[in-house]
Amino acid sequence: MTDLELARIPAGSVTLHDARRKEHRTVALEAFEIGVFAVTEEQFAEVLGIASQHPRRPAADLSWLRAVRFCNAASEWEGLDPAYSFDGEQVTWHVDSDGYRLPTEAEWELACRAGSTGPQYGPLSDIAWTSADGLRHPQDVGGKMPNLHGLFDTLGNVWEWCWDLLDPARYDDYRVFRGGGFDDDAWSVRASVRRGGAPRMHHADVGMRLARGAFDAVDEAQGWSARADAERAVTDDARPIGWTPRR
């Protein structure tokens, strides 16, 4: 398989914002690894045995479920312990596994910011493919300037799936994606913007970036915990029309 190039992100902390609950929380993170590039069509095709029309473009139009299954397939390809197990469409992350996985959103934001404190780590025209470029599809990875961790396209080009639930009280099993895409305005292409979709959802501007890192814990790591998910799923607030609360 074409090399899955990873960068090591040192331990650090990042502050996450929950706009609906009007909460900020600072998360301390252990060191981990994350892809220098988004997973490309070529890499996806090699592992899953499918056709690749544009080898250097980020693999996109991927559902979250397909993304986590690719993580396991890439792990098995390289002889690593898979990070995930499945019970139908219920996915368990084994946080002590050293296999490929999706980053938590805290990991993703720490890696994206690379020490910057503003909404972007540089001028968007230099670092990100956005609606200002007038594009109709993702561009080859690595065409813009990297951040100070050496990561390309964490902003713009395609959104990237993370492990975390978006807001279980409001959106049931929707998962987070981050970073903005080639058709998004500057407001959406910021390090702090959170969006998400159902695990089977797929769009032409949503892809993935691999992470690795094993932790001595169960059901919690790197800013995520199953207990916190369960707590966030419970709310006494009146639910507006259109909410899809967890059952």
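Heads up: the structure comes first, above all this text.
Residues numbered from 1 in each chain as written. Predicted model: local features only at pLDDT ≥ 70, side-chain atom pairs only at ≥ 80, totals over all residues. Heavy atoms only, no water.

## A short note on the pattern of salt bridges
Inference 1: Counted under the stated rule, the structure contains 12 salt bridges.
Inference 2: Between Glu160 and Arg209 there is a salt bridge; the shortest N-O distance is 2.8 Å. Remark: Arg209 occurs in the loop between β10 (206–207) and β11 (211–212) and Glu160 occurs in strand β7 (residues 159–165); sequence separation between them is 49 residues. Pair check on accessibility: Glu160 and Arg209 agree, each one buried.
Inference 3: Among the charged side chains, a network of salt bridges with common partners joins Glu105, Glu109, Arg113, Arg178 and Arg194. (Salt bridge = Lys/Arg side-chain N within 4 Å of Asp/Glu carboxyl O. Helix = DSSP H or I, 4+ residues; strand = E, 2+ residues; numbered from the N terminus. Buried < 20%, exposed > 50% of the residue type's maximum accessible area, 1.4 Å probe, protein only.)

## Overview of the packing of aromatic side chains
Inference 1: As enumerated under the stated definition, the model contains 10 aromatic pairs in all.
Inference 2: Grouping aromatic residues by their ring pairs yields a cluster made of Trp64, Tyr84, Trp93, Trp163 and Trp224.
Inference 3: Just above the ring of Trp129 sits the side chain of Lys144; from NZ or CZ to the centre is 4.3 Å.
Inference 4: Looking at Arg175, its charged tip hangs above the ring of Trp163, at a distance of 4.6 Å from the centre. (Phe/Tyr/Trp six-rings, centres within 6.5 Å; stacked < 30°, edge-to-face > 60°. Lys NZ or Arg CZ within 6 Å of the ring centre and 35° of its normal.)

## Some thoughts on a negative patch on the surface
Inference 1: Negative charge collects at one region of the surface, where Glu30, Asp81, Asp96 and Asp216 lie side by side.
Inference 2: Here Asp96 is to be found in the loop between β6 (90–93) and α3 (105–113). (Patch = residues over 30% accessible without salt bridge, like charges linked within 9 Å, V, L, I, M, F, W, Y side chains within 5 Å. Areas by Shrake-Rupley, 256 points an atom, 1.4 Å probe, with all protein chains shown as cover. Lys, Arg positive; Asp, Glu negative; His and termini not counted. Charge placed at Lys NZ, Arg CZ, Asp CG, Glu CD.)

## Details of the side chain of Glu105
Inference 1: Note on placement: Glu105 falls in helix α3.
Inference 2: At a separation of 3.0 Å, a polar atom in the side chain of Glu105 contacts the side chain of Arg178.
Inference 3: Beyond its immediate stretch of four places on either side in the chain, Glu105 contacts Leu16, Cys162, Asp164, Val176, Arg178 and Arg194. (Polar contact = N/O pair within 3.5 Å; in protein donor to acceptor, adjacent residues only side chain to side chain. Contact = heavy atoms within 4.5 Å.)

## Structural notes on the sheet that holds strand β8 (residues 175–178)
Inference 1: Strands sit in the order β9-β8-β7-β10 across an open sheet of four strands; the sheet is mixed. Of all the strands in the sheet, the pair left with one neighbour each is β9 (194–197) and β10.
Inference 2: As paired elements, β7 and β10 share two bridges and run parallel to each other. Paired with Trp159 across the strands is Val206, a residue of β10. (Pairing = 2+ DSSP bridges.)

## A word on the environment of Arg136
Inference 1: Following the sequence through the fold, Arg136 ends up in the loop between α4 (124–127) and β7.
Inference 2: With a relative accessible area of 80%, Arg136 lands in the exposed category.

## Observations regarding the nonpolar core
Inference 1: Core analysis: the largest hydrophobic core is formed by 34 residues, its most contacted members being Tyr84, Leu102 and Met208.
Inference 2: Every element with two or more residues in this core is listed here: α1 (41–48), α2 (64–77), β6 and β7.
Inference 3: At eight residues, the largest contribution of residues to this core is made by α2.
Inference 4: Beyond its immediate sequence surroundings of up to four residues, Leu102 is in contact with Trp64, Ala67, Val68, Cys71, Tyr84, Trp161, Cys162, Trp163, Met208, Arg209 and Ala211. (Core = buried A, V, L, I, M, F, W, Y, C linked by side-chain atoms within 4.5 Å.)

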